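Commentary on secondary and tertiary structure
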Amino acid sequence: MDKKNKHLRENERLYIDLLLRQSCDLKTIAMELDKAPSTISREIKNHRIKGNEKHKDCDLIKRFPYVCNGCIKKQGCRRTRYYYNPRKAQQEYKFTLKHSRTGIDMTIDEVEHWNEIFEDKIAKKAQSTLHIFSSINFPKTVQTFYNYVHKGIFPSINVEMLPRLYSFKPRNKKERNTKYINQNNPIKENRTYKHFLNYMEKYPETDVVQMDTVVGKQEDKYCFLTIYFCNSKLMLIYKVLHYKAIAIVEKFNELKSILTTDEFKAIFDVILTDNGWEFSKPDEIEIDKNTGEKLTNIFFCNSYSSYEKGGIERNHEYIRYVLPKGISFDIVSEASVNRLMNNINNTIRPSLDYKSPYEIFIKEYGETIANKLNLKYITKEKVDLSPNIIR
């Protein structure tokens, strides 16, 4: 076995699953795939899936094969089960590889190509970085080569192989606390902005709903979930847990329980949102958990493209009239949030022929739905967008 590269392809992962089901030992699997045993061992341990059983772990999973795929005793076993799923492992591999390559000017195929070259030509040599760089005709600068190695892009290169690796000191970059949905995340499959445009081309009369969150202070426990109806410019505002995807799901489950199925489908036909981690459970928002019926369609904007949902971004200005940036939302009561929502929705807009979003909304969907959503009419004279409504 001259070549024990560390990257596994999808067909190799499928083969691992097959051999595990046949109860093959580690050495046999490694020989069949021409990989190092440690590569196979790490692959299974890193990507195994834990079952839902609330039992103690079996002692057998502490050593190879680490999973129950080929266990002859799993039928009726009273221990927590672990399984290796090759397709799930491939998805996780692609996501990790893509995520670790943020800012890298190379495709995944190019990375794998150069990994194979490093494995073949320099894996057993302890050479200086410049020597290695000059001998392989690498298509980037030597500084870029150093940075790629620092980031772990080429796992076949280690510190022993590059004695001068740390002559370039890595930059200290400020960590961002905000977590986003990566562009390559499987949950975005068929939900990109391109898919949204295709949907709107097919159903041009659809009333688009835009969804976002507004933050008071980054350290706040709560934030505002905002839901904006583009046709009427009406905006629902709810106080939810900050950056918690389950909080968004629970709010939509509440809306599903308040509205009839037909009413929910009518007003939430299509939802466009950004890549905030709080929106990372689109399936649970789209599907009725009781019937399994799909009630809405969720799509994601492109990264760093807030202009693609400019309507809701502009409407957030009304919130800032009352609650400027830096004011904590934790102290704002649910009743105050509701007052804020209704005062914003009863503010007349020139773009609506000097009507309010509330008036346009009830004309389109009726007062019954408006009442269920706790929307109230406020006369023009009594509309208040001062901090006085927050008490």
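Residues numbered from 1 in each chain as written. Predicted model: local features only at pLDDT ≥ 70, side-chain atom pairs only at ≥ 80, totals over all residues. Heavy atoms only, no water.

Within the protein, residue pLDDT values average 84, and 85% of them lie at 70 or more. Across residues 123-128 the pLDDT falls below 50, and counting only partners more than four positions away or on other chains, this stretch makes 12 contacts in the model. This stretch, residues 159-169, has a pLDDT under 50; its non-local contacts, to residues over four places away or in other chains, come to 30 contacts. (pLDDT = per-residue confidence, 0-100. Contact = heavy atoms within 4.5 Å.)

So, on to the sheet that holds strand β6 (residues 270-273). Pairing is mixed across the open sheet formed by 5 strands, whose spatial order is β5-β4-β3-β6-β7. The sheet is open, and its two edges are formed by β5 (234-241) and β7 (297-300), each paired on a single side. Here the average twist between neighbouring strands, direction ignored, is 25°. Across 4 bridges, the pairing between strand β3 (residues 208-214) and β6 is parallel. By the bridge assignment for β6, V208 is matched with V270. Each of β4 (222-229) and β5 is contacted by helix α13 (residues 334-345), which is oriented at about 160° to β5, the strand it contacts most. (Pairing = 2+ DSSP bridges. Helix = DSSP H or I, 4+ residues; strand = E, 2+ residues; numbered from the N terminus. Axes fitted to C-alpha atoms, helices over the stretch in contact; angles between N-to-C directions.)

Within the secondary structure layout, S328 lies in the loop between α12 (310-322) and α13. Residue classification places S328 among the buried residues on the basis of a relative accessible area of 16%. Among the polar contacts made by the side chain of S328, one reaches the side chain of D220 at a distance of 3.0 Å. From its side chain, S328 meets the backbone nitrogen of D330 in a polar contact 3.1 Å long. (Buried < 20%, exposed > 50% of the residue type's maximum accessible area, 1.4 Å probe, protein only. Polar contact = N/O pair within 3.5 Å; in protein donor to acceptor, adjacent residues only side chain to side chain.)

Now for the pattern of salt bridges. Within this structure, the stated rule accounts for 14 salt bridges. The closest approach of N and O atoms between R13 and E43, which form a salt bridge, is 2.8 Å. Placement of R13 in helix α1 (residues 10-21) and of E43 in helix α3 (residues 37-47) is noted, with a sequence separation of 30 residues between them. We classify R13 as buried; its relative accessible area is 2%. Its salt-bridge partner being D274, residue K309 comes within 3.7 Å of it at the nearest N-O pair. One end of the pair, K309, is in the loop between β7 and α12; the other, D274, is in the loop between β6 and α11 (282-286), and 35 residues separate them in sequence. For the pair shown, K309 and D274 are each scored as buried. Salt bridges sharing partners connect three or more residues here, namely D212, D274, K309 and E313. (Salt bridge = Lys/Arg side-chain N within 4 Å of Asp/Glu carboxyl O.)

Cis peptide bonds are those with omega within 30 degrees of zero, and the linkage from F64 to P65 qualifies with 15°. Of note in the backbone geometry, D353 takes a positive phi value of approximately 60° without being a glycine. Secondary-structure assignment places D353 in the loop between α13 and α14 (357-365). Residue D353 is classed as exposed on the basis of its relative accessible area, which comes to 56%.

This next bit is on the pairing of β4. With 7 of its 8 residues buried, β4 lies for the most part within the structure. In terms of strand pairing, β3 meets β4 through 6 bridges, oriented antiparallel. Paired with V209 across the strands is F229, a residue of β4. Two successive antiparallel strands, β4 and β5, enclose a turn made up of 4 residues, where K233 displays a positive phi of approximately 65°.

Within β5, 7 of the 8 residues are buried, which leaves it mostly tucked inside the rest of the structure. Of the pairings in the sheet, the one linking β4 to β5 comprises 8 bridges and is antiparallel in character. Bridging across to β5, T226 finds its partner in I237.

Think of a pair of aromatic rings as described by two things: how far the centres are apart, and how the planes are tilted against each other in angle. Applying the stated criterion across every chain, the model contains 14 aromatic pairs. An aromatic cluster is defined as three or more aromatic residues linked by ring pairs; in this entry it consists of F229, F252, F264, F268, F361 and Y365. Lying across the ring of Y82, R48 places its NZ or CZ 4.6 Å from the centre. Over the face of the ring belonging to Y318 we find R349, whose NZ or CZ atom lies 4.3 Å from the ring centre. (Phe/Tyr/Trp six-rings, centres within 6.5 Å; stacked < 30°, edge-to-face > 60°. Lys NZ or Arg CZ within 6 Å of the ring centre and 35° of its normal.)

The set of residues buried in helix α2 (residues 26-33) consists of L26, I29, A30 and L33. The buried residues of α2 occupy an angular sector of 100° when projected down its axis, which confines them to one face. For α2, the exposed residues lying more than 90 degrees away from the buried face are K27 and M31. One or two steps after α2, the chain reaches D34, where phi turns positive at roughly 60°. (Arc of directions from axis to C-beta.)

Here α1 spans 17 Å end to end across 12 residues, near enough to the 16 Å set by a 1.5 Å rise per residue. Taken as a whole, α1 has its buried residues at E12, R13, I16, D17, L19 and L20. Taken down its axis, α1 places every buried residue within 165° of arc, on the same side. In α1, those exposed residues whose orientation departs by more than 90 degrees from the buried face are N11 and R21. Among the residues trailing α1, S23 stands out with phi positive, at a value near 60°. (Expected span 1.5 Å × (residues − 1).)

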